[in-house]
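Reading the structure
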Amino acid sequence: MAEKLKAGIVGGTGMVGQRFVQLLDQHPWFEVTAIAASKNSAGKTYEESVQGRWKMAGSIPEQVRNIVVQDASQVEEFASQVDFIFCAVDMSKDQIKALEEAYAKTGTPVISNNSAHRWTPDVPMVIPEINPDHIGVIEAQRKRLGTKTGFIAVKPNCSIQSYVPALHALLDFKPEKVVASTYQAISGAGKNFTDWPEMLDNVIPYIGGEEEKSEQEPLRIWGSLQNGEIVKASSPLITTQCIRVPVTDGHLATVFVSFENKPSKEEIIERWRQYKGRPQELGLPSAPQQFITYFEEENRPQTKLDRDIERGMGVSVGRLREDSIYDYKFVGLSHNTLRGAAGGAVLIAELLKAEGYIQPK
Ligand SMILES: NC(=O)c1ccc[n+]([C@@H]2O[C@H](COP(=O)([O-])OP(=O)(O)OC[C@H]3O[C@@H](n4cnc5c(N)ncnc54)[C@H](OP(=O)(O)O)[C@@H]3O)[C@@H](O)[C@H]2O)c1
């Protein structure tokens, strides 16, 4: 078997970083060989650095326990030890932009969970089943950054995976207007009930910046590659409300949609069941076999029951019915820290490796 690519995790001690560590344990193509975080964690073993704040189910994988965490600001030194990095850090947008570009300029591919570069025109923001062709913009980005091998690719906000895949499968019926309300898990804020007890028995009707991301990011996903940049789509019109609810993991969305060419209910369900993307064609290791699962039962999908479908990488929909104001309404669900965060980023890395963008240094 070919040697595995060496993956570094910048921000490996945080909530998303821990998810990367867990997902990459025993990964067939990638092996975590180095971890970086803030100066507070640098010099400690991974096990020491996450002591008292390991948030994953199950224990810390054996292979990373004794890795000594490095200072992420030592870019050249860290980059020299890995083939590519995953990045998920809690820093200001400007700091993250600068850090990720510094890594890319060392010739290192950066697969990012952070939002800082989501609107940089030559940085692809990818859901591999939906817009894999956007990775073509990397060529222009490499020219701008002055590197032959480095680049930055990002994943979109976790909220949009609960409704964008279902709408994408229906794109040729031309959705015109979309209203989506999201019911978002507390892990999306990097929290659990121990460190956010106010969320028990509570709903908070505000998540800073989330509605703007939920309305705008789908248009970039549906945008097109033109002259070395991604130009966002101009339709459908999307309006959202994003609400924090007391669940650990899983973002659920209620969606209303009107089309230019209204399909039948049977056509919609058929499209959802048949939809396959590039990850399914390529048989990528983290790809769900069934990207969109439609439930006939009227009380599904449920967050707790269905968020882990296809190892948390599938999305589920249900309750499709005609509406009196819009054409249809339905409910969507996706796992926010798997499909919506670390799992989505691992799938992007697999796509980029399969397409030749990530190689051994
Ligand atoms: N939670 C989610 O579901 C989710 C979903 C999508 C995207 N994201 C994004 O992913 C990123 C990380 O989120 P998170 O929830 O994992 O945050 P988190 O649990 O607070 O972890 C933050 C990580 O950043 C590191 N860090 C902080 N300051 C740093 C510095 N100056 N230099 C280098 N590393 C530094 C921390 O290292 P120390 O441990 O040493 O402090 C830690 O590893 C954020 O940009 C967030 O918006 C999160």
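Residues numbered from 1 in each chain as written. Predicted model: local features only at pLDDT ≥ 70, side-chain atom pairs only at ≥ 80, totals over all residues. Heavy atoms only, no water.

**Some words on the nonpolar core**
- With 55 residues, the main nonpolar core has V10, Y103, Y163, W272, I292, L320 and F330 as its most contacted residues.
- Residue-level mapping places this core at the junction of two domains, with at least three residues from each of domain 1 (5-157 + 342-354) and domain 2 (159-335).
- With residues near it in sequence (within four places) discarded, F330 still touches A166, L167, A253, T254, V255, V257, W272, V317, G318, R319, L320 and R321.
- Counting 39 residues, the second-largest nonpolar core is a separate cluster that includes I35, F84, I135 and A153. (Core = buried A, V, L, I, M, F, W, Y, C linked by side-chain atoms within 4.5 Å. Buried < 20%, exposed > 50% of the residue type's maximum accessible area, 1.4 Å probe, protein only. Domains from an automatic or database assignment. Contact = heavy atoms within 4.5 Å.)

**What to know about the side chain of D323**
- Within the fold, D323 resides in the loop between strand 13 (315-322) and strand 14 (328-334).
- Of the polar contacts made by the side chain of D323, one reaches the backbone nitrogen of Y326; its length is 2.7 Å.
- A distance of 3.2 Å separates the side chain of D323 from the side chain of K329, its partner in a polar contact.
- If we ignore the near neighbours within four places in the chain, the residues touching D323 are F256, Y328 and K329. (Helix = DSSP H or I, 4+ residues; strand = E, 2+ residues; numbered from the N terminus. Polar contact = N/O pair within 3.5 Å; in protein donor to acceptor, adjacent residues only side chain to side chain.)

**Remarks on the sheet that holds strand 3 (residues 70-71)**
- The sheet built from six strands is open, its strands ordered 3-2-1-4-5-6 with parallel pairing. With partners counted over all chains shown, the strands left at the sheet margins are strand 3 and strand 6 (151-154), one partner each.
- Where strand 2 (residues 30-37) lies against strand 3, two bridges are found, and the strand directions are parallel. Among the inter-strand pairings, A37 is bridged to a residue of strand 3, identified as D71. (Pairing = 2+ DSSP bridges.)

**What about the site of the ligand?**
- Of all residues adjacent to the ligand, which total 22 residues, the nearest are T13, M15, V16, S38 and S41.
- With respect to the ligand, the side chain of N114 contributes an N or O atom lying 2.8 Å from an oxygen atom.
- For the ligand, whose accessible area on its own is 910 Å², the fraction buried by protein is 77%.
- Residues of the shell around the ligand, tallied by class, amount to eight nonpolar, eleven polar and three charged.
- The residue makeup of the shell around the ligand includes at least three contributed by each of domain 1 (5-157 + 342-354) and domain 2 (159-335). (Near = heavy atom within 4 Å. Areas by Shrake-Rupley, 256 points an atom, 1.4 Å probe, with all protein chains shown as cover. Nonpolar A, V, L, I, M, F, W, Y, C, P; charged D, E, K, R; others polar.)

**Observations regarding the pattern of salt bridges**
- A full pass over the atoms with the stated rule returns 16 salt bridges.
- D306 serves as the salt-bridge partner of R300, at 2.7 Å between the closest nitrogen and oxygen.
- What you see here is one network of salt bridges that share partners, running through E47, E62 and R65. (Salt bridge = Lys/Arg side-chain N within 4 Å of Asp/Glu carboxyl O.)

**Let's talk about the domain arrangement of the chain**
- Taken domain by domain, the chain comprises domain 1 (5-157 + 342-354) and domain 2 (159-335).
- Between the C-alpha centres of domain 1 and domain 2 there is a distance of 25 Å.
- Among the residues domain 1 hides against domain 2, the three largest losses belong to E129, I130 and N157. Together they make up 26% of the total.
- Taken together, domain 1 and domain 2 are joined by two salt bridges. (Buried area = accessible area lost by both parts, 1.4 Å probe.)

**Side note on the pairing of strand 4 (residues 84-87)**
- By the alternation rule, side chains of strand 4 split into F84 and F86 and I85 and C87, which are all buried.
- Inspection of the sheet shows strand 1 (residues 5-10) paired to strand 4 by four bridges, in the parallel sense. Counterpart to A7 in the pairing with strand 4 is F84.
- As defined by bridge partners, strand 4 adjoins strand 5 (residues 109-112) across three bridges and the pair is classed as parallel. Within strand 5, the position partnered with C87 by the bridge is S112.
- Regarding topology, helix 5 (residues 93-105) serves as the crossover connection from strand 4 to the parallel strand 5, and that connection is right-handed. (Right-handed = clockwise from strand over helix to strand, strands pointing away.)

**Quick notes on the environment of G343**
- Assignment of secondary structure puts G343 in helix 12 (residues 338-354).
- According to the relative accessible area criterion, G343 is buried, its value standing at 2%.
- Between the C-alpha atom of G343 and that of F20, which follows or precedes it by 323 residues, the distance is 7.5 Å.
- When sequence neighbours within four positions are dropped, the list of residues in contact with G343 reads L23, M313, T337 and L338.

**A word on the environment of M91**
- The topology assignment puts M91 in the loop between strand 4 and helix 5.
- In the structure, M91 is positioned 25 residues away from A116 in sequence and 9.8 Å away in space, judged by C-alpha atoms.
- Aside from chain neighbours lying at most four places away, what touches M91 is I96 and L99.

**A few points about the environment of E296**
- For E296, the position within the fold is in the loop between strand 12 (292-295) and helix 11 (303-306).
- When the C-alpha positions of E296 and T45 are compared, they lie 49 Å apart, and in sequence the two are 251 residues distant.
- Among the polar contacts made by the side chain of E296, one reaches the side chain of R273 at a distance of 3.3 Å.

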